[in-house]
Amino acid sequence: MIFTIKVLDAQQQVLFEKSAEDELYVVYDGEYKEGDAISLSCDENRADIVLMLDDCMGEVTCHLRGIFTLPIPFGEKKASYNPKAFSGTRHYMHVRAARKEELSLLRNLAINPYDCHGNKTLFPHAWANVETRGESVFAARNAIDGLIANTFHGEWPYTSWGINRDPNAELHIDFGRVVIVRAVVVYLRADFPHDAWWKEATVTFDDGPGSILLEFEKRGNAHIYTFPDVVVSSIKLHSLVKADDPSPFPALTQLEVYGIDGYRSPDE
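The structure contained in this document is the topic of the report that follows. (Residues numbered from 1 in each chain as written. Predicted model: local features only at pLDDT ≥ 70, side-chain atom pairs only at ≥ 80, totals over all residues. Heavy atoms only, no water.)

Brief notes about the overall build of the protein
Helices and strands together make up the secondary structure of the protein, namely one helix and 17 strands. The globule rule puts the C-alpha radius of gyration for 268 residues at 18 Å, and the 19 Å found for the protein is close to it. Principal axes of the C-alpha set define a box for the protein whose edges measure 55 × 45 × 25 Å. Considering the protein as a whole, with its 268 residues, one finds that 52% of them fall into the buried category. Put simply, 73% of the contacts in the protein that link residues at least 6 apart link residues at least 24 apart. (Helix = DSSP H or I, 4+ residues; strand = E, 2+ residues; numbered from the N terminus. Rg over C-alpha atoms; globule rule 2.2 N^0.38 Å. Buried < 20%, exposed > 50% of the residue type's maximum accessible area, 1.4 Å probe, protein only. Contact = heavy atoms within 4.5 Å.)

Laid out in structure tokens, this is it:
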């Protein structure tokens, strides 16, 4: 497979472009400006990849289904990112085809720090029916960014998914393909006493056998739930039941989904 990374300006003009087969590294010398974006593409319709689009955000295994465009965050949108991310005048990026042995290992299938609003091609992708005030530090993507700092809120690295006090809030994670899931791990935001907490929630497997009930305690460390293997393409966290706490602000810091990648149904 042939990978291509481009840096685009606000008018979609190409500032930089490089391609390579199976593995591509990019060193882009230039300072990002508002409106710039990174474009990632592959000559195959779908690809399991190992990706790094900024050297301070690390590598992640993802599934690519088309051209992915990451707008470079500025202003308020930058608040949910490491201040060093996308800064300076030299930027290192890397993408390669994921190896079969990597895909067969148990790992967190939900992590993707490069997720963003409007993403329909780089998976996993998180979205929600509500985000507090539309602010980046409370966006759905924060629940899969890999950060578990949860004793504060409103700035990096204390990012979270905020529900704007909506009891009908739902968080969806789309894997973009079929995977095998056997555990979920939940980190509630624990900025007590500012925060409240949920005493329970439900996870529904969109392609699997029903749902599981998650019962929580008032604490900030991991809540771990294991179950028999479930074949799914997406999950939904919903039916959030707030505990009897004077604070009106429960929130989610991280949702991890552990399983095995690389599964393909007969029609794929």
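Examining the sheet that holds strand β2 (residues 14–21)
Read from one edge to the other, the open sheet built from four strands follows the order β2-β1-β4-β7, with strand pairing classed as antiparallel. Edge positions in the sheet fall to β2 and β7 (68–71), since each of these pairs with one other strand and no more. Across this sheet, the average inter-strand angle for adjacent strands is 15°, counted without regard to direction. Examined bridge by bridge, strand β4 (residues 37–42) and β7 share four bridges and lie antiparallel to one another. Residue pairing in the sheet places L40 in a bridge with F68 of β7. (Pairing = 2+ DSSP bridges. Axes fitted to C-alpha atoms, helices over the stretch in contact; angles between N-to-C directions.)

Describing unusual backbone geometry
With an omega of 0°, the peptide bond running from W156 to P157 counts as cis. Its place among the elements puts P157 in the loop between β11 (125–128) and β12 (161–162). Residue F192 is joined to P193 through a cis peptide bond whose omega torsion reads 5°. Here P193 shows up in the loop between β13 (171–188) and β14 (198–205). Phi at F86 takes a positive value of approximately 60°, unusual for a residue other than glycine. As for its placement among the helices and strands, F86 is situated in the loop between β7 and β8 (90–97). Backbone geometry at R133 places phi at a positive 55°, although glycine is not the residue there. Locating R133 in the fold gives a position in the loop between β11 and β12. For R133, a relative accessible area of 57% puts it in the exposed group.

Concerning the sheet that holds β8
Read from one edge of the open sheet, five strands run β3-β8-β5-β6-β10, paired in antiparallel fashion. What marks the edges here is a single partner per strand, and that holds for β3 (23–29) and β10 (122–123). Here two bridges tie strand β6 (residues 60–64) to β10, and the two strands are oriented antiparallel to one another. Paired with H63 across the strands is F123, a residue of β10.

Overview of the pairing of β8
Alignment of β3 against β8, held across seven bridges, turns out to be antiparallel. Bridging from a neighbouring strand, Y28 pairs with H91 of β8. Pairing analysis gives four bridges linking strand β5 (residues 47–52) to β8, with the strands arranged antiparallel. Each residue of the ladder has a partner; that of V50, found in β8, is R96.

Section: the packing of aromatic side chains
With the rule as written, the count across this model stands at seven aromatic pairs. Relative to F86, the ring of Y32 lies with its centre 6.3 Å away and its plane at 65°, an arrangement referred to as edge-to-face. A residue pair is termed long-range when its members are at least 10 positions apart, and Y32 in the loop between β3 and β4 and F86 in the loop between β7 and β8 qualify at 54 residues. Sitting over the face of the ring of Y81, R141 holds its NZ or CZ atom 4.5 Å from the ring centroid. (Phe/Tyr/Trp six-rings, centres within 6.5 Å; stacked < 30°, edge-to-face > 60°. Lys NZ or Arg CZ within 6 Å of the ring centre and 35° of its normal.)

Things to note about the side chain of E256
Secondary-structure assignment places E256 in strand β17 (residues 251–260). Look at E256: it is buried, it has no salt bridge, and the nearest opposite charge is R107 at 12 Å. Reaching out from E256, the side chain makes a polar contact with the side chain of Y258 at a distance of 2.9 Å. The residues touching E256, leaving out its near neighbours within four places in the chain, are N108, I148, A183, V184, V185 and Y187. (Lys, Arg positive; Asp, Glu negative; His and termini not counted. Salt bridge = Lys/Arg side-chain N within 4 Å of Asp/Glu carboxyl O. Polar contact = N/O pair within 3.5 Å; in protein donor to acceptor, adjacent residues only side chain to side chain.)

Things to note about the side chain of N150
Position of N150 relative to the elements: it lies in the loop between β11 and β12. Those residues in contact with N150 that lie beyond four places of it in its chain are Y158, Y187, L188, R189, A190, D191, G220 and T253.

With respect to the state of the cysteines
This structure, assessed with the given rule, holds zero disulfides. Free of any disulfide, C42 has its nearest neighbouring cysteine sulfur in C62, separated by 13 Å. With no disulfide of its own, C56 has C62 as its nearest cysteine by sulfur position, at a separation of 16 Å. (Disulfide = S-S within 2.5 Å.)

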